[in-house]
Amino acid sequence: MTILYDILFVVNSISKKLQSKDMGMDVAIEQLKGLISFFEKYREYEFQNAIISVKEINTEMDIEPKFREKTC
């Protein structure tokens, strides 16, 4: 849920901007480039931070964090 919140917050913000009546094509393209950049940075850095944050929240709530291991 933490990861979904992070992603949906940004996507929703961009979506609202793109739906404005006076949105120009050049601005829309820049907004979408920014969204792509967000996803690239999130994948590179923030995903691991989100996992750490979730583990901390689970520990505070006295819940054992369980994450599936990637299998080939």
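Structure report, in brief.

Rules used in this analysis
Residues numbered from 1 in each chain as written. Predicted model: local features only at pLDDT ≥ 70, side-chain atom pairs only at ≥ 80, totals over all residues. Heavy atoms only, no water. Helix = DSSP H or I, 4+ residues; strand = E, 2+ residues; numbered from the N terminus. Rg over C-alpha atoms; globule rule 2.2 N^0.38 Å. Buried < 20%, exposed > 50% of the residue type's maximum accessible area, 1.4 Å probe, protein only. Areas by Shrake-Rupley, 256 points an atom, 1.4 Å probe, with all protein chains shown as cover. Lys, Arg positive; Asp, Glu negative; His and termini not counted. Charge placed at Lys NZ, Arg CZ, Asp CG, Glu CD. Salt bridge = Lys/Arg side-chain N within 4 Å of Asp/Glu carboxyl O. Axes fitted to C-alpha atoms, helices over the stretch in contact; angles between N-to-C directions. Parallel < 35°, antiparallel > 145°, perpendicular 65-115°, else oblique. Left-handed = near helix turned anticlockwise from the far one by under 90°. Contact = heavy atoms within 4.5 Å. Nonpolar A, V, L, I, M, F, W, Y, C, P; charged D, E, K, R; others polar.

Focus on the overall build of the protein
Item 1. Counting its regular elements, the protein contains 2 helices and 0 strands.
Item 2. At 17 Å, the protein has a C-alpha radius of gyration far larger than the 11 Å of a compact globule built from 72 residues.
Item 3. By principal-axis analysis of the C-alpha atoms, the protein measures approximately 50 × 30 × 20 Å.
Item 4. Taken over 72 residues, the protein has a buried fraction of 10%.
Item 5. Carbon and sulfur atoms provide 58% of the accessible area of the protein, an area that totals close to 6,500 Å².
Item 6. With 10 positive and 12 negative side-chain charges, the protein shows a separation of 6 Å between the mean positions of the two kinds.

Some thoughts on the pattern of salt bridges
Item 1. This structure, assessed with the given rule, holds 1 salt bridge.
Item 2. Between Lys33 and Glu30 there is a salt bridge; the shortest N-O distance is 3.8 Å. Residue Lys33 and its partner Glu30 are located together in helix H2 (residues 25–60), separated by 3 residues, close to a single helical turn.

Side note on the packing of helix H1 (residues 2–18) against H2
Item 1. Interhelical geometry of H1 versus H2 gives an angle of 165 degrees and a closest axis separation of 9 Å. Of the possible angle classes, the one that applies to H1 and H2 is roughly antiparallel. Remark: the crossing between H1 and H2 carries right-handed chirality. On the side of H1, the interface is formed by Thr2, Ile3, Asp6, Ile7, Val10, Val11, Ile14, Lys17 and Leu18, while H2 contributes Ala28, Gln31, Leu32, Leu35, Phe38, Phe39, Tyr42, Phe47, Ala50, Ile51 and Val54.
Item 2. When its residues are assigned to classes, the contact of H1 with H2 shows 16 nonpolar, 2 polar and 2 charged.

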